[in-house]
Amino acid sequence: MSTAHDTTTPPGVPGPRPWSTDPYADALVTGRGPLFLRRTDGWLLPLEVERWCARADAVDLTVLARCEGTVLDVGCGPGRLVAELAARGRPALGIDVSEAAVEHTVRLGGQALRRSVFEPLPGEGRWDTALLLDGNVGIGGDPAALLRRVSQLLAPAGLLIVETLADVDVDERVSVDIVRVTDPRGTAGPVFPWARLGTPALLRHAAHAGWCREGQWSAGGRSFVALRNRDDRDDGDGDGDGDGDGNGDGDGNEGDVRDDGDVRDDRDDRDSRRTSSAAEPPNSTAVISSQRARKPSPGSPVANR
């Protein structure tokens, strides 16, 4: 949850940002747990803080090898994946609602913004690959809404890689909070909605939303599914770009893309100043076309310079 981290709820659902609270932020500072998601019935799900704060491991690298063009890591957490992509010269951006996670990502050399996936983002409708790893398919507690949102962020026929629960058919909606210790009197964050999905459940949701299954695999006890965004999105606004803003640019943010392809998002200015200039979104001078390992789709959020 590097993951787990962009767990804000969908638009219209009020509530605090759960991954921005002290138990999670403190764990990122120390790089250690124990940290748990606690269900209302007391059931505990251990969070793999140590793995998230370490470098990308061999299993992570098998996922990153499948990424195409520009990469958006949804719920990037402390940023191991974004940092690894950056080290390889791959254009990537992480988003997370946790300020501690964003700062950690930037310190590692990755680009990140403090933002929920359900808020306006740079390059909407033009990302080539999106990642939902480390349980982040649970963000918002509504997999159908999350899949619709990611479809809007990706380019037509863009790639989504999702990590699911291994070897189980689970489709669960729960209310949870974050606790640092098993003692029920220990420090906890606010209660928020979450979801847990096995591969069969994810494929059912994906098929209903119009995604195409690209493949699935397991490695190191973890399970993954690759989905392909449909290339005939129509949001009903008459411009045929699938983003709902009516201006035909496919980004969902009216007026935020210049003719030269650069992404401008005024809301990024404050976040970038607070963390580092390295947290600029793709299309900034920090990401140049020569860094591409694969040819991105036309109009992707990396400018041709």
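As shown above, the structure is provided for reference.
Basis of the calculations
Residues numbered from 1 in each chain as written. Predicted model: local features only at pLDDT ≥ 70, side-chain atom pairs only at ≥ 80, totals over all residues. Heavy atoms only, no water. Helix = DSSP H or I, 4+ residues; strand = E, 2+ residues; numbered from the N terminus. Buried < 20%, exposed > 50% of the residue type's maximum accessible area, 1.4 Å probe, protein only. Contact = heavy atoms within 4.5 Å. Phe/Tyr/Trp six-rings, centres within 6.5 Å; stacked < 30°, edge-to-face > 60°. Lys NZ or Arg CZ within 6 Å of the ring centre and 35° of its normal. Core = buried A, V, L, I, M, F, W, Y, C linked by side-chain atoms within 4.5 Å. Axes fitted to C-alpha atoms, helices over the stretch in contact; angles between N-to-C directions. Parallel < 35°, antiparallel > 145°, perpendicular 65-115°, else oblique. Left-handed = near helix turned anticlockwise from the far one by under 90°. Nonpolar A, V, L, I, M, F, W, Y, C, P; charged D, E, K, R; others polar. Pairing = 2+ DSSP bridges.

> How should I be thinking about the overall build of the chain in this particular structure?
Helix and strand counts for the chain come out as eight helices and eleven strands. Within the span of the chain, comprising 305 residues, buried residues form 56% of the whole. Contacts in the chain between residues far apart in sequence, at least 24 positions, make up 67% of those at least 6 positions apart.

> Explain the packing of aromatic side chains to me, please; I cannot follow it from the model alone.
The description of an aromatic ring pair rests on the distance of the ring centres and on the angle between the ring planes. For the coordinates displayed, the defined rule picks out two aromatic pairs. On the numbers, 6.2 Å between centres and 90° between planes, the contact of F192 with W194 is edge-to-face. Measuring from ring centre to ring centre gives 5.5 Å for W217 and F224, while their planes differ by 20°; the resulting arrangement is stacked. Accessibility classification places W217 together with F224 in one group, the buried group. Of note, R66 hangs over the ring of W217, and the distance from its end group to the ring centre comes to 3.6 Å.

> How do you make sense of the nonpolar core when you look at a structure like this?
Soluble globular proteins tend to pack their nonpolar side chains together in the buried interior. Counting residues in hydrophobic clusters, the biggest one holds 43 residues, and the most contacted among them are L72, V117, V150, L160, W211 and L227. Counting 16 residues, the second-largest nonpolar core is a separate cluster that includes V59, L64, L85 and A226.

> Just to check I follow, could you spell out the packing of helix α1 (residues 22-30) against helix α5 (residues 99-107) for this structure?
Helix packing for two helices is described by the angle between their axes and how far apart those axes are. At a minimum axis separation of 9 Å, α1 and α5 run at an interaxial angle of 20°. The angle between α1 and α5 places the two elements in the roughly parallel class. The two elements α1 and α5 cross, and the hand of that crossing is left-handed. Contact residues: α1 offers Y24, A25 and L28, while α5 offers A100, A101 and H104. Taken together, the residues of the contact of α1 with α5 sort by class into five nonpolar, one polar and no charged.

> Would you mind showing me how to read the sheet that holds strand β11 (residues 222-228) here?
Spatial strand order, β5-β4-β3-β6-β7-β11-β10: seven strands in an open sheet with mixed pairing. The open sheet is flanked by β5 (112-114) and β10 (212-219), the only strands paired with a single partner. For this sheet, the mean inter-axis angle between neighbouring strands, taken without regard to orientation, is 20°. For strand β7 (residues 154-164) and β11, the ladder comprises six bridges, and the chain directions are antiparallel. In the sheet register, L159 faces β11, and the bridge partner there is R228.

> Looking at this structure, I do not really get helix α6 (residues 143-153). What am I missing?
Helical geometry: 3.6 residues make up each α-helical turn, so side chains three or four residues apart lie on a common side. Taken across its eleven residues, α6 has eight buried, putting it largely inside the fold. Within α6, burial applies to P143, A145, L146, L147, R149, V150, S151 and L153.

> What should I look at first to understand the pairing of strand β8 (residues 171-179) in this one?
Moving residue by residue along a regular strand, the side chains alternate between the two faces of the sheet. Direction of pairing for strand β1 (residues 36-39) relative to β8: antiparallel, over a ladder of four bridges. The partner of F36 across the bridge, within β8, is V179. The sheet contact formed by β8 and strand β9 (residues 192-197) spans six bridges and is antiparallel. Counted as the bridge partner of V176 is F192 from β9.

> Teacher, can you tell me more about α1 here?
Three or more residues of α1 are buried, namely P23, Y24, A25, A27 and L28. Of the surrounding elements, those touching the buried residues of α1 are α2 (49-53), α5 and β8. G31 sits one or two positions beyond α1 and adopts a positive phi of about 75°.

> I tried to follow the packing of α6 against helix α7 (residues 199-208) on my own but got confused; where do I start?
Put simply, α6 and α7 touch, their axes get as near as 10 Å, and they point 55° apart. The angle between α6 and α7 falls in the class oblique. Between α6 and α7 lies a crossing of right-handed hand. Here P143, A144 and L147 of α6 come into contact with α7, specifically with L202, H205 and A206. Here the contact of α6 with α7 is built from residues that sort into five nonpolar, one polar and no charged.

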